[in-house]
Amino acid sequence: MEVRAIPLWTRMAVDSAGSGRSPALTPAAGLRTGLAVLDLGMIGRDGSRRAVPSAGATYPYECYILTRDDADATGLYQVDPGRRLCQLLSRGPQVDAMLCQAALAVPEDGAVIVLATRPWLSMRKYGDRGYLYTQLDTAHLHMNLVLAADSLGASVVLRRRPPGLEPLVTEYGECAEVHSALAVTAVPAGNGPDAGPSCWAVRDARATRPSSLRRQPHWLERLCWESLVTDSEGAAAGPPGAAVSLPTAVRRGSRAPLVPRAAFHGRRSATGFAPGTVPVRDIQGTVGRALSVLHDLLPGEGTPPHATLAVRQEPHGHGESAWPAGLDIRWVPELTNEAVTEAFMAQRHLADTSAVLLLHAPTASLIDEAGGSQLWTVLYHAGALAQLVCLEAARRGLAVTGVGGFDSERWQRLAGLPTDHDVVYAVAMGVDTPDAPKLDRFAVAYAQNERS
Ligand SMILES: Cc1cc2nc3c(=O)[nH]c(=O)nc-3n(C[C@H](O)[C@H](O)[C@H](O)COP(=O)(O)O)c2cc1C
């Protein structure tokens, strides 16, 4: 990639390509369903934060909706969540062909939502570690969308890494990789799309400047992507042939939603923890509920990460209570704030955490298995479980934050994890400190101990 031959002044110029106004469209029922799910599961109500957490608030993914319009033609829409803009990119049999290859069908008045990862958005801040965060962030979002659709009363079929949708990223995105999809049925009347005014602008981007439909990645993004490519075609960063596509249906029937609507609105990441301890029953209830919902949603699908909960209290009175199956408990009252700070890469605001859920796996052996596809499954489960913990903590008023800035070896020692295991993600819980700035949103990679 020869960029030095181009004069710097020319390189610094920006043009307004693609920003021209395209004709407005009136969204049909299916698109309104998709947007209602995004409103609850991705956008959120609070203008200053989205519905899902993301390492450094980088949100390294793209989102597409595939759905039918009033003329019964299937359209492909790209979503810009920041601008609340939804643009029609393509319409007709070619979109149906993609869905057919992915073995996904658009339910009547429903929609298929597809997520693609864009690692550069995280890696430009966090370097190689940003690829881990990309996977975790996107898993957070995918799980939240599944739960949001369920909470709106829809039934869902969820897929990870579905085959056949590559044209989405090769034709419109580049430097991106299809991550997952969910097919959502129509939302019952009064529950979703028609329940309030929509703030979305829907436009037909095909009508104006069709050539600009294709996103032109910056040369830095291309370089970053090339560093990730592992397959012979140079197309994807993920493990070759790792289309793990076990369709999992979440059917509602008449039962209560898995997560109540209020929990989506109340979720936020703690900006730090104050001294003090939270009742063990709150931590136990939060992690227990998250594990049980995850097992219900993804029964026996691939390799889950191991979960160890390090609780900074004496076990007296708690040891005998029923802890969820599949969770190891470590009572570590002796753990000092200094040790926690070091293990969290000098993130002092996390020092007073009451408990840390460590998600870990034998990563070296997983990478060798089936081209690493099991490792992808572990990362998906880790992000999905963490999202469930965040929502359940929000419901109980427990302060929580996902933590990607951890020193795996230190936590391995502090919590007595198996020596061949690496921590892939941590979730810290404790007493909230309101009104503190969220240091992880700084432009520098604060969670990686980078100086400002
Ligand atoms: C994968 C991941 C890693 C994160 N790592 C950290 C971290 O190391 N330290 C921290 O304070 N917050 C961390 N966060 C929380 C983000 O900073 C937070 O989600 C983001 O600032 C947006 O704020 P919100 O979650 O309140 O919407 C992480 C979140 C995710 C999803």
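Look up a bit, the structure's there.
The structure displayed is predicted, hence computed values, not measured ones.

1. Digging into the site of the ligand
Then step 1. As a structural note, the neighbourhood of the ligand is formed by 24 residues, with R267, S269, Q347, G404 and D440 the closest of them.
Then step 2. At 2.7 Å, a side-chain N or O of Q347 approaches a nitrogen atom of the ligand.
Then step 3. Backbone polar atom of G405 to an oxygen atom of the ligand: 3.0 Å apart, as the coordinates give it.
Then step 4. In the complex, 99% of the free accessible area of the ligand, which totals 620 Å², lies under the protein chains.

2. A word on the pairing of strand β1 (residues 61–68)
Then step 1. Burial within β1 is extensive, with seven of its eight residues counted as buried.
Then step 2. Relative to strand β4 (residues 111–117), β1 runs antiparallel, the two being bridged by six bridges. Among the inter-strand pairings, L66 is bridged to a residue of β4, identified as V112.
Then step 3. The loop that links β1 with its antiparallel partner strand β2 (residues 74–80) comprises five residues; one of these, D72, has a positive phi angle of about 65°.

3. Section: the side chain of T74
Then step 1. For T74, the position within the fold is in strand β2.
Then step 2. A distance of 2.6 Å separates a polar atom in the side chain of T74 from a polar atom in the side chain of D96.
Then step 3. With residues up to four places along the chain from it excluded, the contact list for T74 reads T67, R68, S90, R91, G92, V95, D96, L99 and V106.

4. Digging into empty space enclosed by the protein
Then step 1. Scanning all chains against the criterion turns up two cavities of 30 Å³ or more.
Then step 2. If you add up the space inside the largest cavity, you get close to 50 Å³.
Then step 3. Along its surface, the largest cavity is lined by Q135, R160, R161, H179, W376, L379 and Y380.
Then step 4. Considering each element in turn, the lining of the largest cavity owes the most residues, three residues, to helix α12 (residues 373–396).
Then step 5. Partitioned by chemical class, the residues of the lining of the largest cavity number three nonpolar, two polar and two charged.
Then step 6. No fewer than three residues from each of domain 1 (20–250) and domain 2 (268–448) sit in the lining of the largest cavity.
Then step 7. In terms of lining, the second largest cavity is formed by L258, V259, R289, A290, V293, L388, L391 and E392.

5. Quick word on the nonpolar core
Then step 1. With 118 residues, the main nonpolar core has L38, L147, L309, F344 and L357 as its most contacted residues.
Then step 2. Structurally, this core is a two-domain feature, drawing no fewer than three residues from each of domain 1 (20–250) and domain 2 (268–448).
Then step 3. L357 has contacts with V287, A307, T308, L309, L327, L385, V389, Y425, A426, V427 and M429, leaving out every residue within four places of it along the chain.
Then step 4. Among the nonpolar cores identified, the runner-up in size contains 21 residues, and M98, Y172, A181 and A183 belong to it.

6. Here's the deal with the side chain of E62
Then step 1. Looking at the element boundaries, E62 is found in strand β1.
Then step 2. Reaching out from E62, the side chain makes a polar contact with the side chain of Q78 at a distance of 3.0 Å.

7. Here's the deal with the pairing of strand β13 (residues 399–403)
Then step 1. Counting buried positions over the five residues of β13 gives four, a clear majority of the element.
Then step 2. With five bridges joining them, β13 and strand β14 (residues 422–432) adopt antiparallel strand pairing. The partner of V403 across the bridge, within β14, is A426.

8. Comments concerning the packing of helix α9 (residues 280–297) against α12
Then step 1. Look at α9 against α12: their axes get within 8 Å of each other, and the N-to-C directions meet at 135°. The angle between α9 and α12 places the two elements in the oblique class. The hand of the α9/α12 crossing is right-handed. Of the residues in α12, those touching α9 at R281, D282, G285, T286, R289, A290, L291, V293 and L294 are H381, A384, L385, L388, V389, E392, A393 and R396.
Then step 2. Grouping the constituent residues of the contact of α9 with α12 by class yields nine nonpolar, three polar and five charged.

9. Some points on the pattern of salt bridges
Then step 1. The final tally for this structure, using the stated rule, is 14 salt bridges.
Then step 2. Put simply, D69 and R91 hold a salt bridge, and the shortest N to O gap is 2.6 Å. Separated by 22 residues along the polypeptide, D69 in the loop between β1 and β2 and R91 in strand β3 (residues 85–91) bring together distant segments of the chain.
Then step 3. Note on D69: relative accessible area 19%, which makes it buried.
Then step 4. In this structure, R161 engages E177 in a salt bridge whose closest nitrogen and oxygen atoms are separated by 3.5 Å. In this pair, R161 is assigned in the loop between β5 (156–160) and α6 (166–173) and E177 in strand β6 (residues 177–184), connecting sequence segments 16 residues apart. The same class applies to R161 and to E177, which are both buried.
Then step 5. Sharing partners across several salt bridges, the network here consists of E62, R118 and E221.

10. Here's the deal with helix α5 (residues 129–151)
Then step 1. Taking 1.5 Å as the rise per residue, α5 with 23 residues should run 33 Å; its terminal C-alpha atoms sit 33 Å apart, in good agreement.
Then step 2. By the criterion of burial, α5 is predominantly enclosed, with 22 of the 23 residues buried.
Then step 3. One or two positions beyond α5, positive phi appears at G153, with a value near 100°.

11. Side note on the environment of M143
Then step 1. Its place among the elements puts M143 in helix α5.
Then step 2. Discounting residues that sit within four places of it in the chain, M143 has contacts with L294, L297, Y380, A384, Q387 and L388.

Reading the values: rules and limits
Residues numbered from 1 in each chain as written. Predicted model: local features only at pLDDT ≥ 70, side-chain atom pairs only at ≥ 80, totals over all residues. Heavy atoms only, no water. Near = heavy atom within 4 Å. Polar contact = N/O pair within 3.5 Å; in protein donor to acceptor, adjacent residues only side chain to side chain. Areas by Shrake-Rupley, 256 points an atom, 1.4 Å probe, with all protein chains shown as cover. Buried < 20%, exposed > 50% of the residue type's maximum accessible area, 1.4 Å probe, protein only. Helix = DSSP H or I, 4+ residues; strand = E, 2+ residues; numbered from the N terminus. Pairing = 2+ DSSP bridges. Contact = heavy atoms within 4.5 Å. 1 Å grid on protein atoms, 1.4 Å probe; cavity = no way out; pocket = protein on both sides within 12 Å on 5 of 7 lines; lining within 4 Å. Points joined across faces, edges and corners; volume = space filled by probe spheres on them. Nonpolar A, V, L, I, M, F, W, Y, C, P; charged D, E, K, R; others polar. Domains from an automatic or database assignment. Core = buried A, V, L, I, M, F, W, Y, C linked by side-chain atoms within 4.5 Å. Axes fitted to C-alpha atoms, helices over the stretch in contact; angles between N-to-C directions. Parallel < 35°, antiparallel > 145°, perpendicular 65-115°, else oblique. Left-handed = near helix turned anticlockwise from the far one by under 90°. Salt bridge = Lys/Arg side-chain N within 4 Å of Asp/Glu carboxyl O. Expected span 1.5 Å × (residues − 1).

Honestly, it's all geometry; don't read function into it.
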